[in-house]
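One-letter residues, chain by chain:
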Amino acid sequence: MAGVVDVPKPRINCSMLLQHISRPVCFVGRVEKVHPTGKTFTVSDGEGKIATVELNEPLEEELSGIVEVIGIVSTKGVIMASMYNMLREDKGILFDLDLYNEALKVIHDFPQHYPFQVASSG
Amino acid sequence: MTKLSEGAIEALSNGTGGNDAVLQCVNIRKIDGGNGPARFRVMMSDGRHTLSSFMLSTQLNIMAEENRLAPNCICVLKKHVTNMLKDGRRIVIILEIDVIKPAEDVAGKIGEPTPYTEGKVVASTLLISTVIVHFSVAVVGKAPSAVPNTPGGTSKVVPIASLNPYQSKWTIRARVTNKSTIRTWSNSRGDGKLFSMEVVDESGEIRVTGFNQEVDKFYTLIEVGKVYYISKCSLKIANKQYTSVKNDYEMTFSGESTVIPCDDSCDVPMVQCDFVSISDLENRDKDAIIDVIGVCKSVEEVTRITTKSNREVTKRTLSLMDMSGKVVTVTLWGEEAEKFDGSGQPIVAIKGAKLSDFGGRSLSASFNSTLMINPDIPEAYKLRGWYDKEGHAMDGQSLTELKGGSGGGNTNWKALSDVKTEHLGHGDKADYYTCIATIVYLRKENCLYQACPSQDCNKKVVDQQNGMYRCEKCDKEFPNFKYRLILSANIADYGDNQWVTCFQESAEAILGQNAAYLGQLKDSNETAFDEIFQQANFNTFVFRNRVKLETYNDESRIKATVMDVKPVDHKDYSKRLIMNIRKLAAQ
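This one's a predicted model, so the numbers in the text were calculated from it and none came from an experiment.

### Description of the overall build of chain A
Then step 1. Across its full length, chain A carries two helices and six strands.
Then step 2. Helices and strands in chain A line up, N terminus first, as β-β-β-β-β-β-α-α.
Then step 3. By residue count, 37% of the 122 residues in chain A fall in the buried class.
Then step 4. Taking the intrachain contacts of chain A between residues at least 6 apart in sequence as the baseline, contacts between residues at least 24 apart amount to 51%.
Then step 5. About 7200 Å² of surface is accessible on chain A, with carbon and sulfur atoms providing 55% of the total.

Shown next, in the form of structure tokens:
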């Protein structure tokens with residue numbers, strides 16, 4: 001999925017999943033449960049809603065805390081992840097998921113002021 | 001023999017009749033009216049009962065004075081009005097009476113009348129006092145309203161607005177709105193203590209002070225919010241410096257003053273406050289006495305400080321916000337500070353707070369002020385409603401610059417372009433603001449100077465060229481000096497830039513090195529010195545700046561000084577940005 005890397009990926013939360021089907025997105029949430037196979041796990045967003053993430057290969061490490069997932073949304077609303085990024089809780093400032101959610105809402109309420117697509121393709 | 005109207009006394013007493021009653025005058029008593037005319041109290045009989053609660057209206061005084069109306073005479077009560085006393089008894093005011101048989105022509109008391117009593121027996125003086133209140137009304141012929149009872153007093157209840165130093169026999173019925181703490185003093189003339197309070201009635205308000213013995217007599221008796229009959233205080237011109245009370249006079253308790261609790265208080269107003277909007281405080285003079293009401297947004301811990309007179313006092317500050325969106329810091333002292341509970345963002349009202357220009361504008365609850373928490377007044381409810389709906393989300397702009405804390409809702413956030421558009425610093429006083437900005441240029445030339453090595457002296461020393469450095473302020477020479485920083489920098493944000501001067505602490509924070517080390521590097525390793533400035537460039541900080549218009553030889557320029565530099569709190573910043581975006585969107 002190399003096409004995901006160069007393309008602008010809007011940041012979304014669970015309520016916006018279904019508007020982005022078949023599109024690359026960036027999802028930040030807190031890891032909830034990891035499936036025993038290690039190929040799928042659930043994350044909760046700043047509003048407390050849950051989304052499912054599916055990986056190409058099973059996890060090779062313990063996943064916990066806040067994670068940033070980049071992938072494409074399937075027709076069923078599952079994020080098919082191409083890469084993920086764990087935000088370490090022992091370093092730096094603690095990530096405030098609620099504040100992030102507020103910021104997300106602002107970005108989506110005022111797309112005219114946040115033209116990420118234009119910036120990326122320019 | 002002329003027949004008396006038996007039953008008339010009963011009817012008069014009950015208010016059920018008595019017109020044109022034929023009565024015999026049993027007794028007449030003259031009552032000194034004090035400041036007014038004399039009054040005559042008459043005891044009348046209808047043959048069955050006597051009633052002593054008859055008052056002759058003053059226009060008929062002449063009848064008594066000329067003895068036309070005298071004990072034993074028979075008369076017809078042509079016109080009268082009755083007043084109802086608080087305890088249910090009536091007084092009959094005689095407005096017109098015809099003597100049909102003069103006293104000389106009557107042998108004696110007709111019949112064996114017994115005194116008609118109804119309810120409690122009250123001292124005669126009471127009757128007089130209550131009637132005197134209404135004699136003016138009675139003369140006009142109107143039916144007067146309920147007379148407030150004045151137990152124990154020989155004066156009428158007067159409105160506060162009518163009090164003056166030229167009348168000493170009066171009683172007021174008022175509610176205590178404000179009671180200060182007891183204050184003691186000790187000077188060359190001796191010791192003393194005093195307390196003061198403010199009382200209000202339908203007509204106005206007035207300040208009352210009690211000294212020494214009166215403090216012992218009245219302080220514990222008097223409770224804020226309760227209504228009392230107060231009499232016989234001495235009136236004098238008010239000293240407006242100490243109070244916000246609207247009255248030309250103020251009064252002092254004397255040895256003869258009385259304070260009696262009153263039960264019937266529903267028509268005495270609760271509290272008279274003239275609240276000033278917090279945004280308007282900027283326009284008031286410092287040291288003004290102000291009433292204010294607002295939501296307690298935040299409150300600090302109690303701290304102890306030592307005053308100039310070496311007394312230890314406790315104090316606590318709280319921030320108060322009202323619908324103007326402005327916030328002001330209020331300082332509480334002593335017991336009030338210790339007892340204050342600011343949890344739950346209560347509505348706080350202060351009557352008689354002192355406005356100071358400390359940090360711009362701030363308020364202090366002096367010993368004269370009254371602090372009310374969640375008072376039962378309409379302004380409080382309005383504030384509560386506003387705060388729950390919108391106020392709680394507002395940051396509020398503070399009129400008070402606090403040293404060091406930028407937390408809470410107290411900082412005055414500005415963008416650099418605001419400094420110019422709002423003409424900050426153009427007033428008499430310096431303006432303080434906080435902003436987030438990025439350093440875009442640091443002037444490394446002349447950023448260091450040689451200062452006096454003495455502890456608290458930072459004056460530039462003169463190089464004597466002989467290995468000694470002279471400080472003019474300390475008037476001493478030293479073989480050494482200490483390096484101090486004065487850093488000129490240009491900071492910028494999205495809208496504008498600003499030249500600022502940073503002194504020692506803020507400069508060291510920006511450069512990340514202390515002045516002594518920098519001084520050393522400058523002399524020894526210029527490359528390393530330059531590197532420090534390169535690294536410091538383009539960093540973003542929270543700056544707290546002071547701006548003031550300064551004039552040098554006909555040229556005026558805004559000078560900005562950095563008071564404090566802090567790293568950016570991104571969470572706080574994000575929250576503020578989101579709030580501002582939402583606010584802008586709502587407009």
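### Notes on the pattern of salt bridges
Then step 1. Evaluation of the coordinates by the stated rule reveals 26 salt bridges over all chains.
Then step 2. Here Asp109(A) makes a salt bridge to Arg582(B), at a shortest N to O gap of 2.9 Å. Within this pair, whereas Asp109(A) is found in helix 1 (residues 97–109), its partner Arg582(B) is found in helix 11 (residues 570–586), the two belonging to separate chains.
Then step 3. A relative accessible area of 28% places Arg582(B) in the partly exposed class.
Then step 4. Its salt-bridge partner being Glu6(B), residue Arg48(B) comes within 3.7 Å of it at the nearest N-O pair. Here Arg48(B), found in the loop between strand 2 (39–45) and strand 3 (49–56), pairs with Glu6(B), found in the segment before helix 1 (8–14); they are 42 residues apart in sequence, far enough to count as distant.

### Focus: the packing of helix 1 of chain A against helix 11 of chain B
Then step 1. Helix 11 of chain B packs onto helix 1 of chain A with a crossing angle of 35° between their chain directions and a minimal axis gap of 10 Å. In terms of crossing hand, the pair formed by helix 1 of chain A and helix 11 of chain B is left-handed. Together, Leu99(A), Glu102(A), Ala103(A), Lys105(A), Val106(A) and Asp109(A) of helix 1 of chain A and Lys571(B), Ser574(B), Lys575(B), Ile578(B), Ile581(B) and Arg582(B) of helix 11 of chain B make up the contact between the two elements.
Then step 2. Residues that form the contact of helix 1 of chain A with helix 11 of chain B fall into these classes: five nonpolar, one polar and six charged.

### A short note on the side chain of Glu250(B)
Residues and elements named next belong to chain B.
Then step 1. Take glutamate 250: it is sitting in strand 12 (residues 249–261).
Then step 2. Side-chain polar atoms of glutamate 250 contact the side chain of arginine 207, separated by 3.2 Å.
Then step 3. Excluding its chain neighbours within four sequence positions, the residues that come into contact with glutamate 250 are Ile206, Arg207, Ser234, Leu235, Lys236, Ile237, Ala238 and Asn239.

### Some details on the pairing of strand 27 (residues 497–503) of chain B
The side chains of a regular strand alternate between the sheet's two faces.
Residue and element names in this part refer to chain B.
Then step 1. By the bridge criterion, seven bridges tie strand 26 (residues 482–492) to strand 27 in an arrangement that is antiparallel. Within the sheet, the bridge partner assigned to isoleucine 491 lies in strand 27 and is glutamine 498.
Then step 2. Counting the residues that bridge the hairpin from strand 26 to strand 27 gives four residues.
Then step 3. Here strand 27 pairs with strand 29 (residues 555–567) via two bridges, running parallel. Note on strand 29: the bridge partner recorded for cysteine 502 is valine 562.

### Some details on the interface of chain A and chain B
Note on interface size: it is often stated as the accessible area lost on association of the parts.
Then step 1. Counting residues at the interface gives 10 residues for chain A and seven residues for chain B.
Then step 2. Note on chain A versus chain B: buried area summed over both sides is about 760 Å², and carbon and sulfur give 73% of it.
Then step 3. Contact with chain B buries area across many residues of chain A, yet Leu99(A), Val106(A) and Phe110(A) alone supply 55% of it, more than any other trio.
Then step 4. Counting the contacts that link chain A with chain B gives two salt bridges.
Then step 5. Measuring nitrogen to oxygen at the nearest pair gives 3.9 Å for the salt bridge that ties Lys571(B) to Asp96(A).
Then step 6. Across the contact surface, chain A and chain B share one residue pair in polar contact (both at pLDDT 80 or more).

### Focus: the packing of aromatic side chains
All names here are of chain B.
Then step 1. Per the stated rule, a full pass over the model turns up 12 aromatic pairs over all chains.
Then step 2. Their ring planes at 80° and their centres at 6.1 Å tell us that tryptophan 185 and phenylalanine 211 sit as a pair that is edge-to-face. In this pair, tryptophan 185 is assigned in strand 8 (residues 183–187) and phenylalanine 211 in strand 10 (residues 204–211), connecting sequence segments 26 residues apart.
Then step 3. In this structure tryptophan 185 comes out as partly exposed when scored by relative accessible area, which is 30%.
Then step 4. Plain terms: the ring middles of phenylalanine 481 and tyrosine 483 are 5.1 Å apart, the flat faces sit at 85° to each other, and that makes the pair edge-to-face.
Then step 5. You can call phenylalanine 481 partly exposed: its relative accessible area is 24%.
Then step 6. Counting every residue linked through ring pairs, the aromatic cluster contains Phe195, Phe218, Tyr219 and Phe253.
Then step 7. A cation sits over an aromatic face here: lysine 179 above tyrosine 219, 4.0 Å from the ring centre.
Then step 8. Stacked on the ring of tryptophan 413, the Lys or Arg arginine 576 has its end atom at 3.3 Å from the ring centre.

### A closer look at helix 8 (residues 504–511) of chain B
Residues spaced three or four apart along an α-helix point in a common direction, a consequence of the helix completing one turn every 3.6 residues.
Then step 1. Considered for burial, the residues of helix 8 of chain B that qualify are Gln504(B), Ser506(B), Ala507(B), Ile510(B) and Leu511(B).
Then step 2. Where helix 8 of chain B terminates, the next one or two residues include Gly512(B), which has phi positive at roughly 75°.

### Focus on the environment of Val106(A)
Then step 1. In this structure, Val106(A) sits in helix 1.
Then step 2. Residue Val106(A) is classed as buried on the basis of its relative accessible area of 2%.
Then step 3. Residue contacts for Val106(A): discarding those within four places in its chain leaves Tyr114(A), Ile578(B), Ile581(B) and Arg582(B).

### A closer look at the confidence of the model for chain B
All names here are of chain B.
Then step 1. A residue-level look at chain B finds 87% of positions with pLDDT of 70 or above and a mean pLDDT of 81.
Then step 2. Every residue in residues 119–154 is under pLDDT 50, and counting partners more than four places away or in other chains gives 66 contacts.
Then step 3. Ignoring residues within four places in sequence, the model shows residues 402–409, a span with pLDDT below 50, making 15 contacts including any to other chains.
Then step 4. Complex prediction metrics read pTM 0.45 and ipTM 0.87.

Thresholds, definitions, all that
Residues numbered from 1 in each chain as written. Chains lettered and ligands numbered in written order. Predicted model: local features only at pLDDT ≥ 70, side-chain atom pairs only at ≥ 80, totals over all residues. Heavy atoms only, no water. Helix = DSSP H or I, 4+ residues; strand = E, 2+ residues; numbered from the N terminus. Buried < 20%, exposed > 50% of the residue type's maximum accessible area, 1.4 Å probe, protein only. Contact = heavy atoms within 4.5 Å. Areas by Shrake-Rupley, 256 points an atom, 1.4 Å probe, with all protein chains shown as cover. Salt bridge = Lys/Arg side-chain N within 4 Å of Asp/Glu carboxyl O. Axes fitted to C-alpha atoms, helices over the stretch in contact; angles between N-to-C directions. Left-handed = near helix turned anticlockwise from the far one by under 90°. Nonpolar A, V, L, I, M, F, W, Y, C, P; charged D, E, K, R; others polar. Polar contact = N/O pair within 3.5 Å; in protein donor to acceptor, adjacent residues only side chain to side chain. Pairing = 2+ DSSP bridges. Buried area = accessible area lost by both parts, 1.4 Å probe. Phe/Tyr/Trp six-rings, centres within 6.5 Å; stacked < 30°, edge-to-face > 60°. Lys NZ or Arg CZ within 6 Å of the ring centre and 35° of its normal. pLDDT = per-residue confidence, 0-100.

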